[in-house]
Amino acid sequence: MRVNSSSDRASECVPSRATGMEGGIVIKDDWPGYSLELFTYPEHYREDIESVYIPHGVIMDRTERLARHIMDDIGDHDMVVLCVLKGGYKFCSDLVEFIKVQCRNSNKHLETRVEFIRLKSYLNDQSTEDLHIIGSQDLSVLRGKNVLIVEAIVDTGKTMKALLKHVEAFEPKMVKVAGLLVKRVSNVVGSLPDYVGFEIPNRFVVGYALDYNEYFRDLNHICVISEIGKVKYKI
Ligand code: HPA
Ligand code: MG
């Protein structure tokens, strides 16, 4: 079993490249993840993942903190949460639950409506050129509302920029973005989230609803896929 030394820590809590009051917990380039022996995970993925990159409990604690941050900023008005599917469904569901708890604890009576939009821009572990909005989305409910877009992962920000343009066409009063993960990439061309869970190196991760060709969404932790996994589920 590998034991982490003090120089082998996952993260540093320092400001990241992302904008906003708090750029997220920064996970360093050389963080290898935790040994699989330290956690439980579905047995059918034993060969397909290399390490546990961000454990489920850490995701939950960070999400709770983001919920507080969001409520402090925009929690005085009803909001429409726009969940970006499919990868964002777990983050969105947990974030909304934490927002509701914050509301109850502070005696606020806010309506949190949840809408969904489905996007696809990845094949295998590569980004494709095009953003596909799948299905015709009538988002007219966003008109005049405070909108919180909830997305699992942002890298160049190109998809987010295109999505913001799409959403703004429905004339919301205000739009903010919460992203669980922001990848540290050199070619940022688009928009970054206002609220960030973790800033991670530019590597492909799966789990907590993030997929590789639709696999691994059922993993609770965010993990690094193995070469065996990449080959096994390649299209
Ligand atoms: N994993 C899963 N989906 C993704 C990723 C990733 O690292 N980056 C963009 N979409
Ligand atoms: Mg995907």
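Up top you'll find the structure we're talking about.
Residues numbered from 1 in each chain as written. Chains lettered and ligands numbered in written order. Predicted model: local features only at pLDDT ≥ 70, side-chain atom pairs only at ≥ 80, totals over all residues. Heavy atoms only, no water.

Chemist: Residues and numbers for the nonpolar core, please.
Modeler: As a rule of thumb, soluble globular proteins bury nonpolar side chains together. In terms of nonpolar packing, the biggest core is built from 35 residues, with Tyr53, Ile54, Ile70, Leu95, Leu148, Leu181 and Ile222 touching the most fellow members. Among the elements that line this core, the one with the most residues is helix 2 (residues 89–105), at seven residues. With sequence-adjacent residues up to four places away left out, Leu181 is seen in contact with Ile54, Ala152, Ile153, Val154, Phe198, Ile200, Val205, Leu210 and Ile222. Formed by 21 residues, the second largest nonpolar core is a distinct cluster that contains Val80, Val84, Leu163 and Phe170. (Core = buried A, V, L, I, M, F, W, Y, C linked by side-chain atoms within 4.5 Å. Buried < 20%, exposed > 50% of the residue type's maximum accessible area, 1.4 Å probe, protein only. Helix = DSSP H or I, 4+ residues; strand = E, 2+ residues; numbered from the N terminus. Contact = heavy atoms within 4.5 Å.)

Chemist: I'd like a description of the packing of aromatic side chains, backed by residues and values.
Modeler: A complete count under the given rule lists six aromatic pairs for this structure. Taking 5.4 Å as the distance between ring centres and 90° as the angle between the ring planes, the aromatic pair formed by Phe216 and Tyr233 counts as edge-to-face. One end of the pair, Phe216, is in the loop between strand 10 (205–206) and strand 11 (222–225); the other, Tyr233, is in the segment after helix 4 (227–232), with 17 residues separating them in the sequence. For Phe216, a relative accessible area of 0% corresponds to the buried category. (Phe/Tyr/Trp six-rings, centres within 6.5 Å; stacked < 30°, edge-to-face > 60°.)

Chemist: Mind laying out the side chain of Lys183, listing which residues take part and the relevant values?
Modeler: Along the chain, Lys183 falls in strand 8 (residues 174–183). Buried and without a salt bridge, Lys183 has Asp155 as its closest oppositely charged side chain, separated by 4.5 Å. In terms of polar contacts, Lys183 uses its side chain to reach the backbone carbonyl oxygen of Arg203, at 3.3 Å. (Lys, Arg positive; Asp, Glu negative; His and termini not counted. Salt bridge = Lys/Arg side-chain N within 4 Å of Asp/Glu carboxyl O. Polar contact = N/O pair within 3.5 Å; in protein donor to acceptor, adjacent residues only side chain to side chain.)

Chemist: Account for the state of the cysteines, with residues named and values stated.
Modeler: Tallied over the entire structure, the rule returns zero disulfides. The cysteine Cys92 is free of any disulfide, with Cys83 supplying the nearest cysteine sulfur at 3.8 Å. Distance from the sulfur of Cys103, which forms no disulfide, to the nearest cysteine sulfur (Cys92) is 14 Å. (Disulfide = S-S within 2.5 Å.)

Chemist: I'd love a proper account of the pattern of salt bridges, names of residues and values included.
Modeler: The full count for this structure, using the stated rule, is 12 salt bridges. Notably, a salt bridge pairs Arg184 with Asp29, separated by 2.7 Å at the nearest N-O pair. With Arg184 in the loop between strand 8 and strand 9 (195–200) and Asp29 in the loop between strand 2 (25–27) and strand 3 (49–54), this residue pair connects regions lying 155 residues apart in the sequence. Note on Asp29: relative accessible area 57%, which makes it exposed.

Chemist: So, helix 1 (residues 56–74): which residues are in play, and what are the values?
Modeler: Its 19 residues give helix 1 an end-to-end C-alpha distance of 26 Å, which sits within 8% of 27 Å, the value for a rise of 1.5 Å per residue. Within helix 1, the full set of buried residues consists of Ile59, Arg62, Thr63, Leu66, Ala67, His69, Ile70, Met71 and Ile74. (Expected span 1.5 Å × (residues − 1).)

Chemist: Which residues make up the packing of helix 1 against helix 2, and what are the values?
Modeler: Across the interface, helix 1 lies against helix 2 with an axial gap of 8 Å and an inter-helix angle of 55°. Relative to helix 2, the element helix 1 is oriented oblique. For the pair helix 1 and helix 2, the sense of crossing is right-handed. Note on element contacts: helix 2 touches helix 1 through Phe91, Asp94, Leu95, Phe98, Ile99, Gln102 and Cys103, opposite Met60, Thr63, Glu64, Leu66, Ala67, Arg68, Ile70 and Met71. Across the contact of helix 1 with helix 2, the residue classes break down as 10 nonpolar, two polar and three charged. (Axes fitted to C-alpha atoms, helices over the stretch in contact; angles between N-to-C directions. Parallel < 35°, antiparallel > 145°, perpendicular 65-115°, else oblique. Left-handed = near helix turned anticlockwise from the far one by under 90°. Nonpolar A, V, L, I, M, F, W, Y, C, P; charged D, E, K, R; others polar.)

Chemist: Which residues make up the sheet that holds strand 11, and what values go with them?
Modeler: Reading across the sheet, the three strands line up as 3-11-10 and stay open at both edges, with antiparallel pairing between neighbours. Each edge of the sheet is formed by a strand with only one pairing partner; in this case those strands are strand 3 and strand 10. Pairing geometry for strand 10 and strand 11, over two bridges, is antiparallel. Each bridged residue has a counterpart across the sheet, and for Val206 the counterpart in strand 11 is Cys223. (Pairing = 2+ DSSP bridges.)

Chemist: Let's hear about the environment of Val154: which residues, and what values?
Modeler: Note that Val154 resides in strand 7 (residues 146–154). Between the C-alpha atom of Val154 and that of Gly179, which follows or precedes it by 25 residues, the distance is 6.8 Å. Apart from residues lying up to four places away in sequence, Val154 is in contact with Met160, Leu181, Val182, Lys183, Ser191, Leu192 and Pro193.

Chemist: Which residues make up the pairing of strand 9, and what values do they have?
Modeler: Counting buried positions along strand 9 gives six out of six residues, so the element sits mostly inside the fold. Inspection of the sheet shows strand 2 paired to strand 9 by two bridges, in the parallel sense. Note that in strand 9 the partner of Ile25 across the bridge is Phe198. One ladder, built from five bridges, connects strand 8 with strand 9; its direction is parallel. Its bridge partner lying in strand 9, Gly179 is registered against Val196.

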